[in-house]
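So you can see what is in the structure, the chains are spelled out below.
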Amino acid sequence: MDEESLPRVYVGVMLVSASALMLQITLTRVFSITQYHHFAFMVVSIAFLGFAASGTFLSIKSSLIEEETGRYLAELSMLYSASVILSFILTQEIPFDPYMVVWDRNQLVNLMLYYMLLAVPFFISGLVVGLVIARIPRRVGEVYFYNMAGSGLGSIVVVYLAFHLAIDDLTVVVSLTGLLAALVFPGKKGWNRIRVAAVLLLITLLLVQPFLEVKISPYKSLSRLLSIPGAKIIGTEWNPHSRVDLIESRGVRYLPGLSLVYAGAIPKQYGLTLDGGSPNAVTFYDGNISHLEYLSYMPSSLGYVLGERDRVLLINPRGGLGVLTALYHNSSLIKAVESNPSVIKLTAESNISGGIYHHERVDVEVENARSFIKRSPQKYDLIVLSVTNDVLSSSTGLYSLSEDYLHTVQAFKDYINHLSGDGILLVTRWLQYPPRELPRTVSIAVTALESDGVETPGNHMALLRGYSFFTLLVKKKPFTSEEADAVREFASKRFFDVVHLPDVSLKEVNRFNRLPKPVYHEITESILEKEERKRIYSEYLFDVSPSTDDKPFYSSFFRLDKILPLYRSMGEKWEPFFEGGFLSLFVLLQGSILTLLLVLMPQLYYRRITLQVDKKAMILYFFLTGLGYMFMEISLIQRFILFLGQPFYSISFIAASLLISSGLGSLFSSRLDTKKLGIILFIIPFLLLTYLGVLSMVFNAFLGDTLLTRAVISFILLFPLGFVLGMPFPLAVRIADRINKRLVPWGWCSNLSASVLSPVLAATIALYWGFTSVFVLAAISYLACLLLVRYSVS
């Protein structure tokens, strides 16, 4: 590879790397639509499985490195481009449902097929980058820079494209970017044939584009609604973080908690789904307020019964049921904060809702609720936290892996602090048996109140339930006896059961929707008592401790230490309560097996070498750098969902900042003596621990700013961290090359093997112990690297 061709090689590496990163982010959107979660940790794991397998392949087939690399680079780029489309089409034909793994063993096979098929494009892109590194090892810092910079730029470009393209179109653009790399890479023999083949591939991509349909899980709401004869989609909107559909179907009925007492007419409703799930509805409204009587039979009306509610804040009202309720009760200022712009557009532009979002008393803010409330100086008489999922997904734990920053202690504190003197926070959720969401919501409210100095939080709370829902009311001031009586009257007339009031008696609970024991009342009262609360958190079969911004998994109740008791209590069956915490363990096992089969075993079989202890320490070093880096990155992606508002933005902007800065750090490392590695590894753990405190301060200071401002702050904030973390790997490659050239492919495979396992492992650790634990483990990993380097080079 001569000097003249290097600029084209570097540009080609950037294009392939950009395409591969764009593919990763696109796949998170595909998973969000086809399944119930973005599965970012699994996508990253799949990508690195492909990269790691490519490293193993190159170390075994080293003859490729000696041949005409330019020709291979162009042909591999074309093959990569085709594999993006083919893997997408093939995986859509696999009936994979991650939440059936526990009772359908075929899903384990499907999961492996998913992993392997989706890893193919990353395997080929890894071959491209690996070939370049192998041919010019002395310029590893420069190649690493163009690789990282290309990936970072790809993560920014994909955000822009996602504003204008649907997922299938975006997939074609990802493929075409790889095809462009094939035209850029230098070549001699057969170059004209490659150009012709590239044009033919382009024509093929344009022809197959209509077949790139994203198939939604049959268990998601959109699929269920469309399965009813005569149902149809009447509107679809795409944005970077969601697909929103408006559906006409006889199966639509969305009135959470409507009393069974109500026997009157209900207006026609149209289904509204986000990524095929999170069902909601747009209710027909002709402007006649008398047609909204049914709303007075819903638990959300209780907040208005307890006094004048002139200023109302509705968080994610979606199709507008909360807006109709506020209009029905004659609130004068209704602030609707909706995080999804496509929801507002479809609802407002349809001829169904009566233009409620353009009503003179309704003010709409399209923004993340936590950002809005952080900057809002307004106090509200009522804050309503709307239901945004369905009873099926709630009861089966389908959202247990999802980060939910609206139901955390810090969020509830913000809500309570924005209440007027007699203001009320009203939260309605679906009811589960055994109790899970109800005690967790009570735990969050109790912790939020106590942290604000409330000594008897039970006096500030009222809780009622129906047969499928519960509604919690939280006040700044204690409930008065008149307010408690009003709650009793409201509940009694609608056959709702009182679960808690400041002066509730046992004979008042479990009256209408009877259970063998008043379990909801009992667990609520236990949580209100500090000593009993500790016992519940310690002994209960499910984790109902309060979710926090450090551990924002509101719907995750799975406890590793209660696996066997839970299994026995469910009649030795997992089906009723399968949750994402268990799924992450399956994915971790799957990734470990594939890493062993595709990465490590081929190395052991084909490269029968015996490494001395110090050289094994060097291989462990590469493993720990991969582990530490990915622990840091996955933790930051999950934490920044709060700051940036959406998983898609967090994945894209965090990847861009870290990859570009790490690429520059790698480039800078080529100027450093390898003896500086010890100093850098000494700095990194302290830098990571410093960021733990800095992130909280930055989030508190700037959460209320615009998305663009927050994105820029995120990029700048993480740049120094990424710059420093980009140095340990290339510096260690130079050391390994000096010790024993055979160490380099081993180190590469070891590093990538860690990168396969660590995303899943990081997500699992965060699920149970929080993001801080993951960050601390990243710091420990780099500290261990320091010790290993000193040992192996001494």
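Procedures and definitions
Residues numbered from 1 in each chain as written. Predicted model: local features only at pLDDT ≥ 70, side-chain atom pairs only at ≥ 80, totals over all residues. Heavy atoms only, no water. Helix = DSSP H or I, 4+ residues; strand = E, 2+ residues; numbered from the N terminus. Buried < 20%, exposed > 50% of the residue type's maximum accessible area, 1.4 Å probe, protein only. Contact = heavy atoms within 4.5 Å. Areas by Shrake-Rupley, 256 points an atom, 1.4 Å probe, with all protein chains shown as cover. Salt bridge = Lys/Arg side-chain N within 4 Å of Asp/Glu carboxyl O. Axes fitted to C-alpha atoms, helices over the stretch in contact; angles between N-to-C directions. Parallel < 35°, antiparallel > 145°, perpendicular 65-115°, else oblique. Left-handed = near helix turned anticlockwise from the far one by under 90°. Nonpolar A, V, L, I, M, F, W, Y, C, P; charged D, E, K, R; others polar. Pairing = 2+ DSSP bridges.

**Overview of the overall build of the protein**
Reasoning step 1: Helices and strands together make up the secondary structure of the protein, namely 28 helices and 12 strands.
Reasoning step 2: In the protein, which comprises 794 residues, the proportion classed as buried is 63%.
Reasoning step 3: Counting contacts in the protein only where the partners sit at least 6 residues apart, residues at least 24 apart contribute 78% of the total.
Reasoning step 4: Carbon and sulfur atoms provide 61% of the accessible area of the protein, an area that totals close to 30100 Å².

**A closer look at the pattern of salt bridges**
Reasoning step 1: Per the counting criterion, the structure on display carries 27 salt bridges.
Reasoning step 2: Put simply, Lys 215 and Glu 93 hold a salt bridge, and the shortest N to O gap is 2.8 Å. Placement of Lys 215 in the loop between helix H8 (191–208) and helix H9 (221–226) and of Glu 93 in the loop between helix H4 (69–92) and helix H5 (106–135) is noted, with a sequence separation of 122 residues between them.
Reasoning step 3: Classification of Lys 215 as partly exposed rests on a relative accessible area of 36%.
Reasoning step 4: Looking at Glu 93, the relative accessible area reads 51%, which means it is exposed.
Reasoning step 5: For Lys 551, the salt bridge is made with Asp 543, and the minimal N-O distance between the two is 3.4 Å.
Reasoning step 6: Several salt bridges share partner residues, and in doing so they unite Lys 335, Asp 363, Glu 365, Glu 367 and Arg 375 into one network.

**Considerations on the side chain of Ser 17**
Reasoning step 1: You can see Ser 17 is positioned in helix H1 (residues 6–34).
Reasoning step 2: On the basis of relative accessible area, Ser 17 is assigned to the buried category, the value being 3%.
Reasoning step 3: If near-sequence neighbours (up to four positions away) are discounted, Ser 17 is found in contact with Val 129, Asn 147, Gly 150 and Ser 151.

**Brief notes about the packing of helix H6 (residues 140–162) against helix H23 (residues 647–669)**
Reasoning step 1: In contact at an axis separation of 7 Å, H6 and H23 are set at 160° when each is read in the N-to-C sense. Classified by the interaxial angle, the pair formed by H6 and H23 is roughly antiparallel. Seen from above, H6 lies across H23 with left-handed handedness.
Reasoning step 2: A class-by-class count of the residues in the contact of H6 with H23 yields 19 nonpolar, eight polar and one charged.

**Brief notes about the sheet that holds strand S6 (residues 333–338)**
Reasoning step 1: If you trace the eight strands from one edge of the open sheet to the other, you get S7-S6-S5-S8-S9-S11-S10-S12, paired in mixed fashion. Because the sheet does not close on itself, it has two edges, and the strands there are strand S7 (362–366) and strand S12 (497–500). The average angle at which neighbouring strand axes cross in this sheet is 20°, direction not considered.
Reasoning step 2: Of the strand pairs in this sheet, strand S10 (residues 461–465) and strand S11 (residues 469–475) are connected by five bridges, and their pairing is antiparallel. Paired with Ala 462 across the two strands is Leu 473, which belongs to S11.
Reasoning step 3: Seen against the sheet, helix H15 (residues 409–417) touches strand S5 (311–315), strand S8 (380–385), strand S9 (419–430) and S11 and runs at an angle of roughly 140° to S9.
Reasoning step 4: Strand contacts of helix H16 (residues 437–451): S9, S10 and S11, with the helix running at about 5° to S11, the strand carrying the most contacts.

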